[in-house]
Structures are given as C-alpha cells and as structure tokens.
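A closer look at the structure
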Amino acid sequence: MTRSTRERIIDEALRLFAERGYSATSVAEIEAASGLSPGAGGLYRHFKSKYEVLAAAINEHATRTRSQVAGSLAELSSMETSVDLEERLSHLCRAGLAKVREESELTRVFFRDLSQFPELVAVVREGLLQPMFDAIVTWFQAQPEYNDAKLDWTGIAAVLGGSVVHYRLFQETVGELPGHAEKDQFVAAWVRLAVGLLPSPAPVS
C-alpha cells in the first residue's frame, strides 16, 4: 500500500527521532528520508513545525492503539470457551508483547525526549498505555473461569500488563532478555501466574 507524503513524513520522522533523538534531527533530514528535497520546505506543506510532526505521530499511534485494542478484545472474545484457558491466556500475553514491540520506536522517543512535552506524555499514557491495562481487566472479567474470583483486577492488570511492558522495554534499553528468559519461557510463566489466580474449589463437606 502506497503511503501518502504526510504518512512518509510521520513514519520517517519517528524513525529518525528514535535513532538520533528529537533535538538532533533536523527538518531537512526528515525531508530527505521522506523522499523530499532536503531544505526545500516540503515538510511545511503538511506540518507547521517539527514539533507538529512529533505530535501527529504520537496522536496517530494512540488512535491506532485504541482501534487495535478493541479489535484484539473482539478477537479474544470470539475464542470459544472450549479453547483451553491456558491457550487463551497465552494468546493474550503474546498479543501484548507484539503490541509493545510494534511501538519500539515510539518507546525510545518516549524515554529520550517526551519529558519536555508533558502534553504528549499524557497522550501516550491515556492513548497507548492505559488502554492496554484496561483491556486486561475487561478480558479477565469476561472469562467464565474467573467469575467467582473476588480479586482486585485493576491491581492485577498493573502487575501482569506491567511485566509485558517491562519485558520488551528491558530488551530495548539493555539489549538483552530480562533474566535471559526467552519469550516462550516468559509467556509460560505469565500464563502460570494467571492460572494461579483461579479460585480454589470449595472443600467437600
């Protein structure tokens, strides 16, 4: 699918911001990477400034994330309950890992540059991070196996979702797997912890 000039500018700018940093990336470099004549002002036909490109990238990723979360929940909900619970949990965990990996460029920009733009931090928090935690709460509450589990699902989502985010962030920042645990090991441990939340069967009198 052919990208529009605006889309190319956003994609290439985010890639450059992730590689070099926001301040170290010039408008001319973004133009060159986008297939425009560097320094000719082509970027300004679509955006008023470099900041506006960054803001557009953040907002568009947030919009896409909300749509993806809704789609993932619909897909997960369509899985028959006859499908083993552990398989459903594995699917949920792997979907989260894939989403965090997809946002690797945005993650690098977030930690390197966004502290100077609190309004964009708020967009990331409310548009990308919080929807993932909310989706975990929604999913667990919809599973019949957990109907009788009287648990703090918000707190559990923070732990389970936070571990998914941390697994990928550790790779991005340190360059190694946390604890040298391969992805399949991580998913299996995550599933085991989630299964451990199941209510214990009532004792037979």
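Residues numbered from 1 in each chain as written. Predicted model: local features only at pLDDT ≥ 70, side-chain atom pairs only at ≥ 80, totals over all residues. Heavy atoms only, no water.

You'll find the protein entered in an unreviewed UniProt entry as TetR/AcrR family transcriptional regulator, with Nonomuraea rosea given as the organism.

Concerning the overall build of the protein
Filter applied, for reference: Numbering of helices and strands runs from the N terminus; a helix is a DSSP stretch of H or I covering at least four residues, while a strand is a stretch of E covering at least two. Accessibility here uses a 1.4 Å probe with only protein chains present; expressed as a share of the type maximum, an area under 20% marks a residue as buried, one over 50% as exposed, and anything in between as partly exposed. Contacts were defined at the residue level, with two residues in contact if any of their heavy atoms lie within 4.5 Å. Where accessible areas are quoted, they stem from the Shrake-Rupley method and a 1.4 Å probe; at the residue level, only the protein chains shown are allowed to cover. Counting rule for charge: Lys and Arg are taken as positive, Asp and Glu as negative, and neither His nor the chain ends is counted. Where a charge lies is defined by one atom per residue type, namely NZ (Lys), CZ (Arg), CG (Asp) and CD (Glu).
Helix and strand counts for the protein stand at eight helices and zero strands. The order of helices and strands in the protein, counted from the N terminus, is α-α-α-α-α-α-α-α. Counting only C-alpha atoms, the protein reaches 80 × 35 × 30 Å along its principal axes. For the protein, with 205 residues in total, the buried portion stands at 40%. Residue pairs in contact within the protein that sit at least 24 positions apart in sequence constitute 68% of those at least 6 positions apart. Carbon and sulfur atoms provide 54% of the accessible area of the protein, an area that totals close to 11,300 Å². Positive and negative charge centroids in the protein, built from 21 and 27 side chains respectively, lie 5 Å apart.

Some points on unusual backbone geometry
Although it is not a glycine, H180 adopts a positive phi angle of roughly 60°. Here H180 shows up in the loop between helix 7 (153-174) and helix 8 (183-195). Taking relative accessible area as the criterion, H180 reaches 60% and is therefore assigned exposed.

Observations regarding the UniProt feature "DNA-binding region" (unreviewed entry) in the protein
We apply this condition: UniProt positions are given in the numbering used here, feature names are shortened, and annotations may be inferred rather than shown by experiment.
When the UniProt feature table is mapped onto this chain, "DNA-binding region" (unreviewed entry) is found at residues 28-47. Annotated as 30% helix and 0% strand, the span residues 28-47 places its first and last C-alpha atoms 13 Å apart.

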